[in-house]
Amino acid sequence: MKPLKLLMLEAANRGGGPLKTEPRKGYFNDAYRLVAPMVRGMIAVMANTHSLEEIKIFREDLSRALRSRTELHEISDRELLKICEQIRVLWQDLGGNGGKGYRKPTHKILDEWWRHYELSDSKRWIISYETRSFFPTEMNFRGLIATILFENRMHMKSCSNCKRYFFGRRRDSKYCMAPDCQLAYNNERQKKHGAIKKRVN
């Protein structure tokens, strides 16, 4: 994963002309679309990480997957485990409640993550004065997680079979993509289809 600032500047300068040092309107969205799938995958792994041993495995996988340094490289294993616990709290509250209001712990965690670094810290935030917008960098992973979780809240699910957290492809997804869970999903579909067939006959 290239640093977000580099991705945005590359996108802003694709059109030719004088070199731009600030992304124009729409480029935050482009950068988000480039980064979001990988970060969503990382968040799902973190949501299912419950021990310091699993944190060590996650860190090894992280160093193989990323070319650039992120905030996750700077924080301790215990702090990372705390973030994983907070992700689970957010997942249970944000996921699937249809935006009907969120509990106090959710507000507290999101607020803490978004305010963890000052907006004036250019290492942690990309600010576009032209579009009056800002976006967390890979060195502000808490802000990035908060942004992506909130943006994808309707797709945050807990698998009906294995109980693991996952991002559903659809809002009504009930099963993750693990082979056993897909088998359970197919069995459920066959039972429903069989019941409908019996009623029709």
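Look up a bit, the structure's there.
Attention in this report is confined to the structure presented alongside it. Worth saying up front: this structure is predicted, and the values here are computed from it rather than measured. (Residues numbered from 1 in each chain as written. Predicted model: local features only at pLDDT ≥ 70, side-chain atom pairs only at ≥ 80, totals over all residues. Heavy atoms only, no water.)

Judged by nonpolar contacts, the single largest core of 39 residues is most densely connected at Ile 87, Trp 91 and Leu 149. Contributing elements (two or more residues each) for this core: helix 2 (27-47), helix 3 (52-65), helix 4 (77-94), helix 5 (104-114), helix 6 (141-151) and strand 4 (165-167). With ten residues, helix 2 is the largest single contributor of residues to this core. Aside from chain neighbours lying at most four places away, what touches Leu 149 is Ile 43, Ile 87, Leu 90, Trp 91, Leu 94, Trp 113, Met 156 and Phe 167. Within the second largest apolar cluster, five residues are counted, among which are Cys 159, Phe 166, Cys 176 and Cys 181. (Core = buried A, V, L, I, M, F, W, Y, C linked by side-chain atoms within 4.5 Å. Buried < 20%, exposed > 50% of the residue type's maximum accessible area, 1.4 Å probe, protein only. Helix = DSSP H or I, 4+ residues; strand = E, 2+ residues; numbered from the N terminus. Contact = heavy atoms within 4.5 Å.)

Let us now look at the pairing of strand 2 (residues 133-136). In this structure, strand 1 (residues 125-128) lies alongside strand 2, joined through four bridges in antiparallel fashion. The partner of Ser 128 across the bridge, within strand 2, is Ser 133. Turn length for the strand 1-strand 2 hairpin, with the two strands adjacent in sequence and antiparallel, is four residues, and the turn residue Arg 132 shows positive phi of about 55°. (Pairing = 2+ DSSP bridges.)

Attention now moves to helix 6. With nine of eleven residues buried, helix 6 is to be regarded as a mostly interior element. Taken together, the buried positions of helix 6 are occupied by Phe 141, Arg 142, Gly 143, Leu 144, Ile 145, Ala 146, Thr 147, Ile 148 and Leu 149.

A few words on the pattern of salt bridges. Summed over all chains, the structure comprises eleven salt bridges. Arg 124 serves as the salt-bridge partner of Glu 74, at 3.3 Å between the closest nitrogen and oxygen. With a gap of 50 residues between them, Glu 74 in the loop between helix 3 and helix 4 and Arg 124 in the loop between helix 5 and strand 1 connect regions that are remote in the sequence. Residue class for Arg 124 comes out buried when judged on its relative accessible area of 8%. In this structure, the salt-bridge partner of Arg 124 is Asp 121, at a minimum N-O distance of 3.7 Å. (Salt bridge = Lys/Arg side-chain N within 4 Å of Asp/Glu carboxyl O.)

Turning our attention to the packing of helix 5 against helix 6. The N-to-C vectors of helix 5 and helix 6 enclose an angle of 135°; their axes lie 7 Å apart at closest approach. One way to sum up the angle between helix 5 and helix 6 is to call them oblique. The way helix 5 lies across helix 6 gives a crossing that is left-handed. In this structure, helix 5 contributes Leu 110, Trp 113 and Trp 114 to the contact, and helix 6 contributes Arg 142, Gly 143, Ile 145, Ala 146, Thr 147, Leu 149 and Phe 150. When grouped by side-chain class, the residues that make up the contact of helix 5 with helix 6 number seven nonpolar, two polar and one charged. (Axes fitted to C-alpha atoms, helices over the stretch in contact; angles between N-to-C directions. Parallel < 35°, antiparallel > 145°, perpendicular 65-115°, else oblique. Left-handed = near helix turned anticlockwise from the far one by under 90°. Nonpolar A, V, L, I, M, F, W, Y, C, P; charged D, E, K, R; others polar.)

Attention now goes to the environment of Asn 161. Turning to its location among the elements, Asn 161 is positioned in the loop between strand 3 (156-158) and strand 4. Residue classification places Asn 161 among the partly exposed residues on the basis of a relative accessible area of 36%. The sequence separation of Asn 161 and Asp 180 amounts to 19 residues, and the corresponding C-alpha distance is 8.1 Å. When neighbours within four sequence positions are excluded, Asn 161 is seen to be in contact with Tyr 175, Asp 180, Cys 181 and Ala 184.

Among the structural elements, Arg 59 can be located in helix 3. Reaching out from Arg 59, the side chain makes a polar contact with the backbone oxygen of Leu 72 at a distance of 2.7 Å. Those residues in contact with Arg 59 that sit more than four places away from it in its chain are Leu 72, His 73, Ile 75, Ser 76, Asp 77 and Leu 80. (Polar contact = N/O pair within 3.5 Å; in protein donor to acceptor, adjacent residues only side chain to side chain.)

As a further point, take the side chain of Thr 49. With respect to the element layout, Thr 49 can be found in the loop between helix 2 and helix 3. When its relative accessible area of 4% is taken as the criterion, Thr 49 is described as buried. Ignoring sequence-local partners within four residues, the contact set of Thr 49 consists of Glu 54, Ile 55, Leu 81, Cys 84 and Arg 88.

In this section: the state of the cysteines. Enumeration over the complete set of coordinates arrives at zero disulfides. For Cys 181, which is in no disulfide, the shortest distance to another cysteine sulfur is to Cys 159 and amounts to 3.6 Å. According to the relative accessible area criterion, Cys 181 is buried, its value standing at 2%. (Disulfide = S-S within 2.5 Å.)

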